[in-house]
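One-letter residues, chain by chain:
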Amino acid sequence: MRETEKIWLALEIGNSRLHWALFKGEILNFTWDIDYLPESVIFELARCQTLDDLLLAIFPVHQRTEAQKQQQEIIAKASVLSPPAIFLASVVPSQTALWQTYPNIRIITLDRIPLMGVYPTLGIDRALALWGAGKTWGFPMLVIDAGTALTFTAADDNQCLVGGAILPGLGLQFATLGQKTGQLPFIKTGNSASLPPRFALNTSEAIQSGVIYTFIAGIKDFIEAWWCLFPEGKIAIKGGDRILLINYLQALYPEIAVRLIVEPNLIFWGIQKIVIS
Ligand SMILES: Nc1ncnc2c1ncn2[C@@H]1O[C@H](COP(=O)(O)OP(=O)(O)O)[C@@H](O)[C@H]1O
Ligand SMILES: CC(C)(COP(=O)(O)O)[C@@H](O)C(=O)NCCC(=O)O
Ligand SMILES: [K+]
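As annotated in an unreviewed UniProt entry, the protein chain carries the name Type III pantothenate kinase and comes from Nostoc minutum NIES-26. If you open the UniProt record of the protein chain and go to Subcellular location (unreviewed entry), you find "Cytoplasm". The heading Catalytic activity (unreviewed entry) in the UniProt record of the protein chain holds the text "(R)-pantothenate + ATP = (R)-4'-phosphopantothenate + ADP + H(+)".

This is the structure in structure tokens:
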């Protein structure tokens, strides 16, 4: 089989869950998210004889959309004699360790990414997302990742890291208040666009008001600082809370929201650029 037709997987391990993509050559066929897998399941993957078997273990059928099921059936017909390569980008070392048992694991390290001026402990997810966004839409580029953590990561025209920032993500802010206080409830993040009242008269709405308005104000402040540095600079948004975030931004600052590129697969574009080059 030609190299360009090979099936391979990309796995990004975030602090909340696993993010998967199935590629055929340079084409991204489909993506899915799952919870962390038990060590025993990862260990068994080495013994899968077919791609079908492998996918059954890492992509439960009940989670598949109809389109994904059809895609998967076509893909599964392509016989895979050896376990397909899994290109792994992880920011969770204990999880990385578990995946070392997979026979065809290819761990992506920072030195593989042609971004200049990186510092040694920069998260591989941040570097890949920035690379994927910049190579797709152009530099200067700022990536906002609304994941477990909220991160800002930027590079200039010369594809050189400008820097960024890290703070607790939306889910984490609600969880910390619920866990580290004596009588605050745990608020779940939904996908609703409706904003809480700014001056709330009950606990639940007070928490939502505090977290959401300061979260959005902080993001707006970073965006404005970015446009001060690079008035034509682009901005791409990813992460599990991206829809919620964009909904709030549309409601509060529509003129900012229209300029944002919303793209969940930035890391996979980054991995694709590196694997294919
Ligand atoms: N099914 C889900 N499981 C976990 N988090 C989810 C889910 N759907 C949305 N989220 C939101 O996504 C955030 C995590 O973002 P994500 O990009 O998946 O994290 P990471 O890449 O750090 O693992 C959480 O704060 C949560 O609010
Ligand atoms: C900042 C992060 C925790 C974000 O992880 P995520 O929310 O995507 O799971 C991760 O990119 C990381 O561990 N970074 C290392 C430190 C740094 O980037 O400077
Ligand atoms: K992430």
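Quick look at the overall build of the protein chain
Of regular secondary structure, the protein chain possesses 10 helices and 10 strands. What you see for the protein chain is a C-alpha radius of gyration of 20 Å, in line with the 19 Å of a compact globule of 277 residues. The principal-axis extents of the C-alpha atoms in the protein chain amount to approximately 60 × 45 × 35 Å. A burial count over the protein chain gives 46% of its 277 residues as buried. Of the contacts formed within the protein chain by residues at least 6 apart in sequence, a portion of 54% connects residues at least 24 apart. Of the roughly 13,700 Å² of accessible surface on the protein chain, a fraction of 55% belongs to carbon and sulfur atoms.

Overview of the site of ligand 2
The local shell around ligand 2 holds 14 residues, among which Y119, G123, D125, R126 and A149 are the closest. A distance of 2.7 Å is found between an oxygen atom of ligand 2 and a side-chain nitrogen or oxygen belonging to D125. At 2.8 Å from an oxygen atom of ligand 2 is found a main-chain nitrogen or oxygen belonging to A149. Across the complex, the protein chains shield 81% of the 470 Å² of accessible surface that ligand 2 would expose by itself. Residue assignment for the shell around ligand 2 shows that the elements contributing at least two residues are α5 (124–137) and β7 (149–155). Broken down by class, the residue content of the shell around ligand 2 amounts to five nonpolar, six polar and three charged. Three or more residues apiece are contributed to the shell around ligand 2 by two domains, here domain 1 (7–107) and domain 2 (115–269).

Quick notes on the site of ligand 1
Lining the immediate surroundings of ligand 1 are G14, N15, S16, R17, H19, G147, T148, G171, T189, G239, G240 and D241. One of the side-chain nitrogen or oxygen atoms of T148 is found 2.5 Å away from an oxygen atom of ligand 1. In isolation ligand 1 offers 570 Å² of accessible surface; the protein chains occlude 70% of this area. Per-domain counts for the shell around ligand 1 show at least three residues from each of domain 1 (7–107) and domain 2 (115–269).

Structural notes on the sheet that holds strand β10 (residues 260–262)
Within the open sheet, the five strands sit side by side as β8-β7-β6-β9-β10. Their pairing is mixed. With partners counted over all chains shown, the strands left at the sheet margins are β8 (161–168) and β10, one partner each. Between one strand axis and the next, the sheet turns by 15 degrees as a mean value, whatever way the strands run. The pairing of strand β6 (residues 141–146) with strand β9 (residues 234–238) spans five bridges and is classified as parallel. Counterpart to I144 in the pairing with β9 is I237.

How each quantity is defined
- Residues numbered from 1 in each chain as written.
- Chains lettered and ligands numbered in written order.
- Predicted model: local features only at pLDDT ≥ 70, side-chain atom pairs only at ≥ 80, totals over all residues.
- Heavy atoms only, no water.
- UniProt positions renumbered as here; feature names shortened; annotations may be inferred.
- Helix = DSSP H or I, 4+ residues; strand = E, 2+ residues; numbered from the N terminus.
- Rg over C-alpha atoms; globule rule 2.2 N^0.38 Å.
- Buried < 20%, exposed > 50% of the residue type's maximum accessible area, 1.4 Å probe, protein only.
- Contact = heavy atoms within 4.5 Å.
- Areas by Shrake-Rupley, 256 points an atom, 1.4 Å probe, with all protein chains shown as cover.
- Near = heavy atom within 4 Å.
- Polar contact = N/O pair within 3.5 Å; in protein donor to acceptor, adjacent residues only side chain to side chain.
- Nonpolar A, V, L, I, M, F, W, Y, C, P; charged D, E, K, R; others polar.
- Domains from an automatic or database assignment.
- Pairing = 2+ DSSP bridges.
- Axes fitted to C-alpha atoms, helices over the stretch in contact; angles between N-to-C directions.

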